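# Residue-level structure breakdown
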Amino acid sequence: AACGGGSEAPAAGSGSAAPAAAAGGQKAGGQKIDPATTGDLKGVITINGKAPENAPVKMNADPICVRQAQGPQFQETYKVAADGKSLGNVFVYVKDGLGNYIYDAPAGAVTLNQEGCHYIPHVFGIRVGQTLEILNSDPTLHNIHGMPKDNQEFNQGQPIQGMKTTHVFTKKEVLVPFKCDVHGWMNAYVGVMDHPFFAVSDADGRFEIKGLPAGTYTIEAIHEKLGAVTQTVTIAAKDSKELNFTLDVSKVAATN
């Protein structure tokens with residue numbers, strides 16, 4: 001997503017996109033999951049080298065951003081823990097193996113805030129058909145420019161503090177980038193899923209996916225710069241498994 005102005009596509013959330021996505025992307029006629037027999041998956045994301053330093057952010061072009069952010073600012077590309085190895089802001093999800101299960105509709109909206117001239121959160125997940133509420137908490141112009149490949153591109157300006165707009169994704173897509181066309185340093189990423197089995201690693205690199213039915217799954221961990229790695233895991237009924245991922249820092253040079 002990005003910050004900028006204008007509108008390249010009709011704003012979602014008005015009802016036009018919701019019918020195609022109302023079921024959260026699930027298939028009709030599938031099997032409901034029995035919560036009493038499900039298992040959990042947890043793990044830690046680490047890197048195998050030293051992550052690049054996050055680039056400094058220069059906000060001088062907008063004095064309001066300078067005041068709102070308060071102090072030196074940096075990009076959020078590499079959220080490395082104090083141990084120098086564990087990595088936050090990695091999107092982890094079940095890529096394959098769920099078959100034809102059906103799920104409850106997603107509850108409530110997911111909020112993407114523009115505060116201190118940053119997008120908060122930087123990485124997050126949302127369900128197909130779930131409402132994304134976009135909020136401008138700053139007293140300056142922002143815009144949210146979503147740049148998906150499979151969903152509809154959108155660009156919504158928010159010139160007023162406290163302004164809210166909504167958007168609904170109609171297709172599964174990982175990861176969708178956002179940017180701000182007004183403030184070029186602002187960016188965020190969303191994983192749009194047709195099931196509820198996803199997570200984002202925290203400041204210590206930890207993630208947890210709960211309520212998986214018994215089965216064998218392909219799990220993917222994906223980072224905005226370091227790319228994706230996958231592993232296979234088998235979950236038994238009432239099982240708890242640990243699955244750790246290591247991302248290769250050398251991929252940074254390959255993608256830049």
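Use the structure listed above.
Treat the numbers as computed from the prediction; the structure is a model and nothing was measured. Starting afresh in each chain, residues are numbered from 1 along the sequence in its written order. With pLDDT at 70 or above as the cut-off, local features in this predicted model cover only qualifying residues; side-chain atom pairs require 80 or more to be listed or tallied, and sums for whole chains, interfaces and linings still use all residues. Hydrogens and water molecules were not included; the side-chain quantities draw on all heavy atoms of the structure.

### Looking at the overall build of the protein chain
Within the protein chain, the regular secondary structure consists of three helices and 24 strands. Relative accessibility under 20% of the residue-type maximum defines a buried residue, over 50% an exposed one, and the middle range a partly exposed one, all with a 1.4 Å probe and only protein chains included. In the protein chain, buried positions account for 46% of the 256 residues. Accessible surface for the protein chain amounts to roughly 11700 Å². Of this, 51% is attributable to carbon and sulfur atoms. Here a strand is any run of E in DSSP of at least two residues, a helix any run of H or I of at least four, and the numbering for each starts at the N terminus. All accessibility values rest on the Shrake-Rupley procedure with a 1.4 Å probe; residue burial counts only the protein chains present in the view.

### Section: the packing of aromatic side chains
Here a Phe, Tyr or Trp ring, Trp counted by its six-membered ring, pairs with any other such ring whose centre lies within 6.5 Å, and the pair is stacked when the planes are under 30 degrees apart, edge-to-face when over 60, and tilted otherwise. With the rule as written, the count across this model stands at eight aromatic pairs. Their ring planes at 35 degrees and their centres at 5.6 Å tell us that Phe 91 and Tyr 93 sit as a pair that is tilted. Phe 91 sits in the buried class, given a relative accessible area of 0%. Residues Phe 207 and Phe 245 carry aromatic rings whose centres are separated by 6.2 Å and whose planes lie at 50 degrees to one another, so their mutual orientation is tilted. Of this pair, Phe 207 sits in strand β20 (residues 206-212) while Phe 245 sits in strand β24 (residues 245-247), and the two are 38 residues apart along the sequence. Judged on exposure class, the residue Phe 207 and its partner Phe 245 are both buried. Members of the aromatic cluster, joined through ring pairs, are Phe 124, Phe 154, Phe 169 and Phe 178.

### Some words on the sheet that holds strand β11 (residues 118-120)
Pairing between the strands of a sheet comes from backbone hydrogen bonds, and it takes one of two forms, parallel or antiparallel. Pairing between two strands is assigned when DSSP locates at least 2 bridges connecting them. Overall, mixed pairing links the four strands, which are arranged β11-β10-β13-β16 in an open sheet. Sheet topology places β11 and β16 (164-168) at the edges, where each strand pairs with a single neighbour. Sheet twist, expressed as the mean angle between neighbouring strand axes with direction ignored, is 20 degrees. Direction of pairing for strand β10 (residues 110-115) relative to strand β13 (residues 131-136): parallel, over a ladder of five bridges. What sits directly across from Thr 111, in β13, is Glu 133. An axis is simply a line fitted to the C-alpha atoms; with a helix, the fit covers only the stretch in contact. Between two such axes, the angle follows the N-to-C directions and lies from 0 to 180 degrees.

### Concerning unusual backbone geometry
Put simply, Ile 120 and Pro 121 share a cis peptide bond, and its omega is 5 degrees. For the bond running from Val 174 to Leu 175, omega is -15 degrees, close enough to zero to count as cis. Along the chain, the position of Leu 175 falls in strand β17 (residues 173-180). Even without a glycine there, the phi angle at Cys 117 is positive, about 60 degrees. Relative to the elements of secondary structure, Cys 117 occurs in the loop between β10 and β11. Of note, Lys 238 is a non-glycine position whose phi angle comes to about 60 degrees, a positive value.

### Re the environment of Asp 239
Relative to the assigned elements, Asp 239 resides in the loop between β22 (227-235) and β23 (240-242). A C-alpha to C-alpha distance of 4.5 Å links Asp 239 and Gly 39, two positions 200 residues apart in sequence. In this structure Asp 239 touches Thr 38, Gly 39, Asp 40 and Thr 234, once residues within four positions along its chain are discounted. Contacts are residue-level and defined by heavy atoms, with any inter-residue pair within 4.5 Å sufficient.

### Focus on the sheet that holds strand β19 (residues 198-200)
Here four strands make up an open sheet; going across it, the order is β19-β8-β21-β22 and the pairing antiparallel. Here the strands that pair on one side only, and so sit at the sheet edges, are β19 and β22. Going from strand to strand, the sheet's axes swing by 25 degrees on average, the running direction of each strand aside. In terms of strand pairing, strand β8 (residues 91-96) meets β19 through three bridges, oriented antiparallel. Each bridged residue has a counterpart across the sheet, and for Val 92 the counterpart in β19 is Ala 199.

### A short note on the state of the cysteines
A covalent bond bridging the sulfur atoms of two cysteines is what the word disulfide describes. Pairs of cysteine sulfur atoms within 2.5 Å are what we label disulfides. By the definition in use, this model includes one disulfide. Residue Cys 65 pairs covalently with Cys 117 via a disulfide, S to S 2.0 Å. Around the S-S axis, the bridge from Cys 65 to Cys 117 shows a dihedral of about -80 degrees and counts as left-handed. With Cys 65 in helix α2 (residues 63-69) and Cys 117 in the loop between β10 and β11, this pair connects stretches of sequence that are 52 residues apart. Residue Cys 65 is classed as buried on the basis of its relative accessible area, which comes to 0%.

### Topic: the pattern of salt bridges
Every case where a carboxyl oxygen of Asp or Glu lies within 4 Å of a side-chain nitrogen of Lys or Arg is listed as a salt bridge. Per the counting criterion, the structure on display carries five salt bridges. Between Lys 32 and Asp 104 there is a salt bridge, with its nearest N and O atoms 2.6 Å apart. In this pair, Lys 32 is assigned in strand β2 (residues 31-32) and Asp 104 in the loop between β9 (101-102) and β10, connecting sequence segments 72 residues apart. Owing to a relative accessible area of 55%, Asp 104 belongs among the exposed residues under this scheme. Its salt-bridge partner being Glu 220, residue Lys 95 comes within 3.0 Å of it at the nearest N-O pair.

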